[in-house]
Structure formats: structure tokens, C-alpha cells
Amino acid sequence: MHVSGLLYIEDISVSRIKSPFERLSIGQNIDVMVKDIDTENNRISFSMKELFGTWEDNIKGFKQGTTVKGIVRETEKSKNGIFIELTPNLVGLAEYKENMEYGQDVNVYIKRIIPEKKKIKLVINK
């Protein structure tokens, strides 16, 4: 059986991405879960990000005090910090640093993991 529906960009990953093409390509087969069925308008919406596991599942691969690779996903306009994607379903906040660009690969030091708030504090290595 074939079903058509919508996969909104915010349901592709927890990280804020600018284009679905950062994660998907035309003709690619993907797994999704049904997020909503709107019988009144005959619409189905899907999600991918729930299939990547919970925050707790994803943080297991990381330890405080280590350096890992990440991708710059958003530089806050107020210069409070930079969001770094560690996995498609795990994002941390690094201290603001000049000249960081969206999509840039960076090495980050995991300064602190705060499980009760589901937060990760990072430092971008120079």
C-alpha cells in the first residue's frame, strides 16, 4: 500500500536545518512514523526525528570532558551562543565565537552535560 503525506522540515531532525536536502535526496527510501491523521482534510503528517531515539538514548555516546565533532546549526543573533549538532537528534550550545558559519564542521569540547534539563554546554576548539 502506498500513502502520501507531508514531512515538515521541523520533523526531520531536532537540529534546525535550512533545507530538507541536508538530510534527504530525491528517490531516497526513508523510515517515518505517522504523526497525525487529519480525516477532515484527508491529510497525513509524518515525522523522522522520533525514530532517532530520545535525548537520553543519544547522549549515551558522549562523555563530559571529551572533544567531539559537530556541525554549526545556528548562531544566535544576540551572540549568546551557537547551536552545535552532535547527532541528528542531539544539539548542544557553545559559547559564542566570531566567524562561525551555518553547516561548518567544528571540534567541540563537552564542558557539561545536564541530564535533568536535557542540555549540553560546549566549547568550540580553536
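Relevant structure appears above.
Residues numbered from 1 in each chain as written. Predicted model: local features only at pLDDT ≥ 70, side-chain atom pairs only at ≥ 80, totals over all residues. Heavy atoms only, no water.

Asks: Any chance you could explain the sheet that holds strand E2 (residues 33–38) here in plain terms?
Replies: The strands that make up a sheet pair up through hydrogen bonds in the backbone, lying either parallel or antiparallel. Read from one edge to the other, the open sheet built from three strands follows the order E1-E3-E2, with strand pairing classed as mixed. A strand with exactly one partner marks an edge of an open sheet, and here the two such strands are strand E1 (6–7) and E2. In this structure, E2 lies alongside strand E3 (residues 43–47), joined through five bridges in antiparallel fashion. Counterpart to aspartate 38 in the pairing with E3 is arginine 43. (Pairing = 2+ DSSP bridges. Helix = DSSP H or I, 4+ residues; strand = E, 2+ residues; numbered from the N terminus.)

Asks: What should I look at first to understand the sheet that holds strand E6 (residues 90–94) in this one?
Replies: Around the barrel, which closes on itself, the five strands sit in the order E4-E5-E6-E8-E7 with mixed pairing between neighbours. Sheet twist, expressed as the mean angle between neighbouring strand axes with direction ignored, is 50°. Pairing geometry for E6 and strand E8 (residues 119–124), over two bridges, is parallel. Note on E8: the bridge partner recorded for alanine 94 is leucine 122. (Axes fitted to C-alpha atoms, helices over the stretch in contact; angles between N-to-C directions.)

Asks: Explanation requested: the pairing of strand E4 (residues 67–75) in the structure shown.
Replies: Side-chain direction in a regular strand flips from residue to residue, so the side chains alternate between the two faces of the sheet. Here E4 runs beside strand E7 (residues 105–114); their pairing, made up of five bridges, is antiparallel. Its bridge partner lying in E7, valine 68 is registered against valine 108. Strand direction decides the pairing type here: E4 and strand E5 (residues 82–87), joined by four bridges, are antiparallel. Paired with threonine 75 across the two strands is isoleucine 82, which belongs to E5.

Asks: Is there a simple way to think about unusual backbone geometry in this case?
Replies: Trans is the common state for peptide bonds, and a negative phi is the common state for residues other than glycine. Phi is positive for asparagine 42, which is not a glycine, with a value near 55°. Along the chain, asparagine 42 falls in the loop between E2 and E3. Judged by its relative accessible area of 70%, asparagine 42 is exposed. The backbone of lysine 118 shows a phi angle near 55°, a positive value even though the residue is not glycine. As for its position among the elements, lysine 118 is in the loop between E7 and E8. (Buried < 20%, exposed > 50% of the residue type's maximum accessible area, 1.4 Å probe, protein only.)

Asks: Please explain the packing of aromatic side chains as it appears in this structure.
Replies: Note on aromatic pairs: each is described by the distance of the centres and the angle between the planes. The final tally for this structure, using the stated rule, is zero aromatic pairs. Here lysine 18 stacks its cationic end above the ring of tyrosine 102, 4.3 Å away from the centre of that ring. (Phe/Tyr/Trp six-rings, centres within 6.5 Å; stacked < 30°, edge-to-face > 60°. Lys NZ or Arg CZ within 6 Å of the ring centre and 35° of its normal.)

Asks: Just to check I follow, could you spell out the side chain of asparagine 58 for this structure?
Replies: Positionally, asparagine 58 belongs in helix H1 (residues 55–59). Side-chain polar atoms of asparagine 58 contact the backbone oxygen of glycine 53, separated by 3.4 Å. Among the polar contacts made by the side chain of asparagine 58, one reaches the main-chain carbonyl oxygen of threonine 54 at a distance of 2.8 Å. (Polar contact = N/O pair within 3.5 Å; in protein donor to acceptor, adjacent residues only side chain to side chain.)

Asks: What is the right way to look at the environment of asparagine 58 in this model?
Replies: For asparagine 58, a relative accessible area of 14% puts it in the buried group. Beyond its immediate sequence surroundings of up to four residues, asparagine 58 is in contact with Phe52, Gly53, Thr87, Asn89 and Leu90. (Contact = heavy atoms within 4.5 Å.)

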